[in-house]
Amino acid sequence: MFAHRLLSIFFLPAIAVTSLFAQAQQRTARQTATTPKPVSHADILRGEYGRYRANNDLLFYDLDIRVDPEKKFISGRNTIRFKMLKDDTRIQLDLYDNLKVDKIVQVFEGNGSNKLITARLSRPLKYERDSGAVFIDFPETLKAGRTYSIDFYYSGTPQTIGRFGGFTFGKDPAGRPWIFTACEGEGASIWWPNKDQWKDEVESMKISVEIPNKLTDVSNGKFIGKTDLHDGYTRWDWLVQYPINNYDVSLNIGNYAHFADRLGDLSLDFYALPEDLEKAKKQFAQARGMIETYQHYFGEYPFKKDGYKLIQVPYAGMEHQSAVAYGNHFANGYLERDWTGVGISTRFDFIIIHESGHEWFGNSITAADRSDMWIHEGWTTYLECLYVEYMYGKADGLKYTNALKAKVRNQQPIIAPRGVNATPPQDMYFKGALFINTLRSVVNDDQKWWALLHDFYQHFKYQTIMTEDIVAYFNQKTRMNLTPIFNQYLRHTALPVLELKFGDGTVSYRWQADEPKFAMPVRVGTKDHWEIIQPTTEWKSMNTGLKREEFEVATDLYYVEVRKL
């Protein structure tokens, strides 16, 4: 998601959103950023990976829906194929309460009277609804290791809520329908039935969207065709050939103009309103350099078979897998501002660089629980820093990175409570990136660091992971005990403080930190002659010819506080 999302919501004037609605959303976002939300029964049902989620493994979604812009109504079916991991008679899916469950049936593939034709048989299933959860019961035990399928039929008017609207029936500046989804915070079950959590992703997915003729739907995956249904509607079909997290699944319906490019054998497809086509052709050219940069560090674009798409939307942006949403006014910076305030942000389009970075971190590598969202946002914010370094040099990369310090609040730990659908604080972006930059300085060998980043990504791509997985990997590959450092930055609020006491030709030093075994090397001295020391939480001393006011700490390389006693 785009940085600062927790504080702001931006729509273009073309979308009819009342000022009261916008103010309410801004107020809610500010509260979310500073105060943990009380845990409710619904939060636990959404956030907990409980028995009826953990007993099965998702394999495939086939989402087939019809969108009626005039009635602001959707209806359709999600076919869900899953493998049981344990014997059981119930599974949990999710759908917002305001949407109607029309029916749920178990489906079987069987032979018809003509053995060359496969008949699709079904039987109705009973279900219970509870605060957005849908518990589906089967008449006999589903056996571990076996694969099953259900058809989940539903209908209704999805809610337009949240930072970017959830599911919005809007209009473009010319008054034409402009319909979009953006539901990371609200959950994908705001508009379609699914297992609404992050831990379990389908291996692939088909998306079919029926919309009025003359409109275009752009969804995730590879475009596989459109069919005139001869009733005023056309069906657009898309095939996702990789694992996908549920909030990435998206609809973008409008009067889009399309143009294309290629980067080697990777297809690049771009969609914009006809009135903005020339601006889009100019601005979207930045996508090539962005992809080349991230491929340099981490390896090839992760969804190569599906291709890369960039799609104009009437909000700032979202990282929808292989269908990145863009609403940054076709201008460099972030919403035409110098995002970091040091004269670098205006050299590139922030939304293209940040949201597309999520293809590597957030979409390819996904946090298994919302509490660990820094795996998405901290890493992708660090990718911005890498982009600046790759394009403009190490000095500007460091300047851009350190400008993020002004955005850090240090009011809550970056890792939120687990299993309760908790949203981490805004610090997951900026403090997360500064922490990763600190790790680079701890490794203190860029050749090893670049190899570590590349191998880390390649090791975990297409997986859902937790912070513990990252810590174990970094500990193993660096042969260092980085656990206390990870814990201090991610699980505590305060920064580590390097305390310094000066004597006659000596300086004593130690870390003041929440982690009792915190130990981290740091460079001290002067900028033209750094010396690496190894402070712990116990006092140590060293000789120095520097006076108190001359003795410096490399705070541009390590995100720490310094206290001269």
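Use the structure listed above.
Worth saying up front: this structure is predicted, and the values here are computed from it rather than measured.

**Student:** What am I meant to see in the overall build of the protein here?
**Tutor:** Helices and strands together make up the secondary structure of the protein, namely twelve helices and 29 strands. Taking 2.2 N^0.38 as the reference for a compact globule, 565 residues should give roughly 24 Å; the C-alpha atoms of the protein span a radius of gyration of 25 Å, in line with that estimate. Considering only C-alpha atoms, the protein reaches an extent of 95 × 55 × 45 Å along its principal axes. For the protein, the proportion of its 565 residues judged to be buried stands at 58%. Counting contacts in the protein only where the partners sit at least 6 residues apart, residues at least 24 apart contribute 69% of the total. When the 68 basic and 70 acidic side-chain charges of the protein are each reduced to a single mean position, those positions are 1 Å apart.

**Student:** Explain the packing of aromatic side chains here, please?
**Tutor:** What describes a pair of aromatic rings is the distance from one ring centre to the other and the angle between the planes of the rings. The final tally for this structure, using the stated rule, is 57 aromatic pairs. Geometrically, the ring pair formed by Tyr 242 and Phe 303 is edge-to-face, given 5.4 Å between the ring centres and 80 degrees between the ring planes. Taken as a pair, Tyr 242 in the loop between strand S14 (233-240) and strand S15 (252-254) and Phe 303 in the loop between helix H5 (286-298) and strand S18 (308-312) lie far apart in primary sequence, 61 residues in all. Relative accessible area serves as the criterion here: at 0%, Phe 303 is assigned to the buried category. A centroid spacing of 5.5 Å and a plane angle of 85 degrees characterise the contact between Trp 511 and Phe 518, whose relative ring orientation is edge-to-face. There is no split in this pair, since Trp 511 and Phe 518 are both buried.

**Student:** Mind showing me how you'd approach helix H8 (residues 394-403) here?
**Tutor:** Because an α-helix completes one turn every 3.6 residues, residues spaced three or four positions apart along the sequence face the same direction. For H8, every residue scored as buried is listed here: Asp 396, Gly 397, Tyr 400, Thr 401, Asn 402 and Ala 403. Buried residues along H8 sit in contact with helix H6 (350-357), helix H7 (374-392) and helix H9 (427-443).

**Student:** I'm lost on unusual backbone geometry in this one. Help?
**Tutor:** With glycine set apart, most residues show a phi of negative sign, and most peptide bonds adopt trans. Despite not being glycine, Leu 335 shows a phi value in the positive range, around 50 degrees. When you line up the elements, Leu 335 lands in the loop between strand S20 (324-326) and H6. By relative accessible area, which is 11% here, Leu 335 ends up buried.

Reading guide: rules and limits
- Residues numbered from 1 in each chain as written.
- Predicted model: local features only at pLDDT ≥ 70, side-chain atom pairs only at ≥ 80, totals over all residues.
- Heavy atoms only, no water.
- Helix = DSSP H or I, 4+ residues; strand = E, 2+ residues; numbered from the N terminus.
- Rg over C-alpha atoms; globule rule 2.2 N^0.38 Å.
- Buried < 20%, exposed > 50% of the residue type's maximum accessible area, 1.4 Å probe, protein only.
- Contact = heavy atoms within 4.5 Å.
- Lys, Arg positive; Asp, Glu negative; His and termini not counted.
- Charge placed at Lys NZ, Arg CZ, Asp CG, Glu CD.
- Phe/Tyr/Trp six-rings, centres within 6.5 Å; stacked < 30°, edge-to-face > 60°.

That's the geometry; what it means functionally is another story.
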